[in-house]
Amino acid sequence: MIVGLTQELSAFVQYTRGFRSPPYDEVGTAFTNFTFGYTVLPNPDLGPETSDGFEVGVRGAYRPVRFRLVGFYNLYDDFIETVPVGEVDGLDAFQARNLTEVRIFGAEAEVEIALGAFWSALEGLSLLGAAAYAEGDNEETDQPLDSVAPPNGVVSLRYREPRDRWGAEVAASIVAPKHRVAGSGSSGSPFCTPGFVTADLTAYCNVGRRVTLAAGVFNVLDLYTQPGRHASASVTVRF
């Protein structure tokens with residue numbers, strides 16, 4: 001349900017009922033990585049996952065600024081999660097299991113500021129930001145849910161040529177250290193990943209109405225645990 005508060009501002013409330021079938025690869029496929037010493041076991045008894053999701057938020061669209069803020073609260077039955085299950089033949093073993101009751105809640109925010117509204121020489125330039133925070137808990141064991149990502153955000157500067165013939169963007173992704181993990185405080189606490197920052201450069205060019213060329217250089221900072229610097233290029237043809 002969406003309610004218009006003013007011409008520029010609206011609020012919304014949403015409820016969703018979800019159903020997720022067990023992924024076929026987690027039901028019947030095994031995988032072993034001898035190099036890193038782990039194996040993933042199939043689980044033919046894996047059941048479907050159901051959920052109840054609640055969202056509430058606001059959207060604003062003023063001339064120089066667009067923004068969105070939303071909070072969510074999700075309850076899951078038989079949540080599908082890959083968990084450690086001990087050792088098999090000297091390898092760390094993992095398997096997808098159904099967790100009886102799981103709760104995930106958090107908030108997300110997005111903002112876009114058109115810089116050309118403040119100075120005409122900056123026409124086409126936009127400053128964008130997004131942030132997300134979530135917490136997840138296994139209600140049965142009262143332990144954190146490891147698959148929930150730590151707080152993270154993206155800040156970018158984007159340029160789009162007035163006729164949208166070409167554009168470019170530089171974006172920095174920021175991920176906070178992960179502190180909430182199952183078993184925290186015990187003598188066998190798992191490794192908690194540190195925070196990191198990556199930067200990406202992307203650009204595109206529309207050749208007529210049907211062809212778009214795109215290219216990017218990713219992880220320009222090349223720091224810590226992220227994959228190494230890499231690039232990509234693509235051609236999209238619309239018929």
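To be clear, the structure that these remarks concern was listed above.
Predicted model, so just to flag it, every value in this text is computed and none were measured.

A few points about a nonpolar patch on the surface
Turning to step 1, where the next piece is worked out: A contiguous nonpolar surface patch, about 560 Å² in accessible area, is contributed by Leu127, Val155, Leu157, Val170, Ile174, Val197, Leu201 and Val217.
Turning to step 2, where the next piece is worked out: Tracing the chain through its elements places Val217 in strand 13 (residues 211-218).
Turning to step 3, where the next piece is worked out: Given a relative accessible area of 32%, Val217 falls into the partly exposed group.

Here we look at the packing of aromatic side chains
Turning to step 1, where the next piece is worked out: One pass over the structure, following the stated rule, counts 7 aromatic pairs.
Turning to step 2, where the next piece is worked out: Ring plane angle 10 degrees and centroid distance 6.3 Å describe the contact between Tyr62 and Phe67, whose orientation is recorded as stacked.
Turning to step 3, where the next piece is worked out: Judged by relative accessible area, Tyr62 falls into the partly exposed class, the value being 37%.
Turning to step 4, where the next piece is worked out: Through a chain of ring-to-ring contacts, three or more aromatic side chains come together here, namely Phe31, Tyr38 and Phe94.
Turning to step 5, where the next piece is worked out: Its end group placed over the ring of Phe12, Arg59 keeps NZ or CZ at 4.3 Å from the ring centre.

Details of the layout of surface pockets
Turning to step 1, where the next piece is worked out: The calculated volume of the largest pocket comes to roughly 520 Å³.
Turning to step 2, where the next piece is worked out: Contributing to the lining of the largest pocket are 22 residues, with Pro84, Asp146, Val181, Ala182 and Pro190 lying nearest its centre.
Turning to step 3, where the next piece is worked out: When contributions to the lining of the largest pocket are tallied by element, the ones reaching two or more residues are strand 6 (65-88), strand 7 (91-114) and strand 9 (143-144).
Turning to step 4, where the next piece is worked out: Estimates place the volume of the second largest pocket at around 250 Å³.
Turning to step 5, where the next piece is worked out: Contributing to the lining of the second largest pocket are 15 residues, with Arg66, Glu112, Ala114, Leu125 and Ser126 lying nearest its centre.
Turning to step 6, where the next piece is worked out: Its residues assigned to classes, the lining of the second largest pocket comprises 6 nonpolar, 3 polar and 6 charged.

With respect to the pairing of strand 6
Turning to step 1, where the next piece is worked out: Pairing of strand 5 (residues 49-61) with strand 6, which is carried by 12 bridges, proceeds in the antiparallel orientation. Bridging across to strand 6, Gly53 finds its partner in Asn74.
Turning to step 2, where the next piece is worked out: Here strand 5 folds back onto strand 6 in antiparallel fashion, the turn holding 3 residues.
Turning to step 3, where the next piece is worked out: Bridge count between strand 6 and strand 7: 21 bridges; the pairing is antiparallel. Each residue of the ladder has a partner; that of Phe72, found in strand 7, is Gly106.
Turning to step 4, where the next piece is worked out: Linking strand 6 back to strand 7 in an antiparallel pair, the connection comprises 2 residues, with Asp89 at a positive phi of about 55 degrees.

Definitions and cut-offs
Residue numbers restart at each chain and count upward from 1, following the sequence in its written direction. For a predicted model such as this one, the threshold for reporting local features is a pLDDT of at least 70, and the threshold for listing and counting side-chain atom pairs is 80 or more; totals across whole chains, interfaces and linings nevertheless cover every residue. Side-chain numbers here rest on the full set of heavy atoms in the structure, without hydrogens or water. Residues with no salt bridge and a relative accessible area higher than 30% make up the patches, which join like charges within 9 Å and nonpolar side chains (Val, Leu, Ile, Met, Phe, Trp, Tyr) within 5 Å. With residues, only the protein chains shown are counted as cover, and all accessible areas are computed by Shrake-Rupley using a 1.4 Å probe. Any Lys or Arg side-chain nitrogen located within 4 Å of an Asp or Glu carboxyl oxygen qualifies as a salt bridge. Counting from the N terminus, the helices are the DSSP runs of H or I reaching at least four residues and the strands are the DSSP runs of E reaching at least two. Accessibility here uses a 1.4 Å probe with only protein chains present; expressed as a share of the type maximum, an area under 20% marks a residue as buried, one over 50% as exposed, and anything in between as partly exposed. Aromatic rings from Phe, Tyr and Trp, with only the six-membered ring used for Trp, were paired whenever their centres fell within 6.5 Å, and each pair was classed as stacked if the ring planes differed by under 30 degrees, edge-to-face if by over 60, and tilted otherwise. Put simply, a charge is over a ring when the Lys NZ or the Arg CZ is close to the ring centre, within 6 Å, and near the line of the ring normal, within 35 degrees. Cavities and pockets were defined on a 1 Å grid built from protein atoms only: a cavity is a group of points that admits a 1.4 Å probe but offers it no way out, a pocket is an open group of points flanked by protein on both sides within 12 Å along at least five of seven lines, and a lining residue is one with an atom within 4 Å of any such point. Grid points are joined across faces, edges and corners, and a volume is the space filled by probe spheres set on the points. Under the scheme applied here, ten amino acids are nonpolar (Ala, Val, Leu, Ile, Met, Phe, Trp, Tyr, Cys and Pro), four are charged (Asp, Glu, Lys and Arg), and all others, including Gly, are polar. DSSP calls a pair of strands paired once it identifies at least 2 bridges connecting them.

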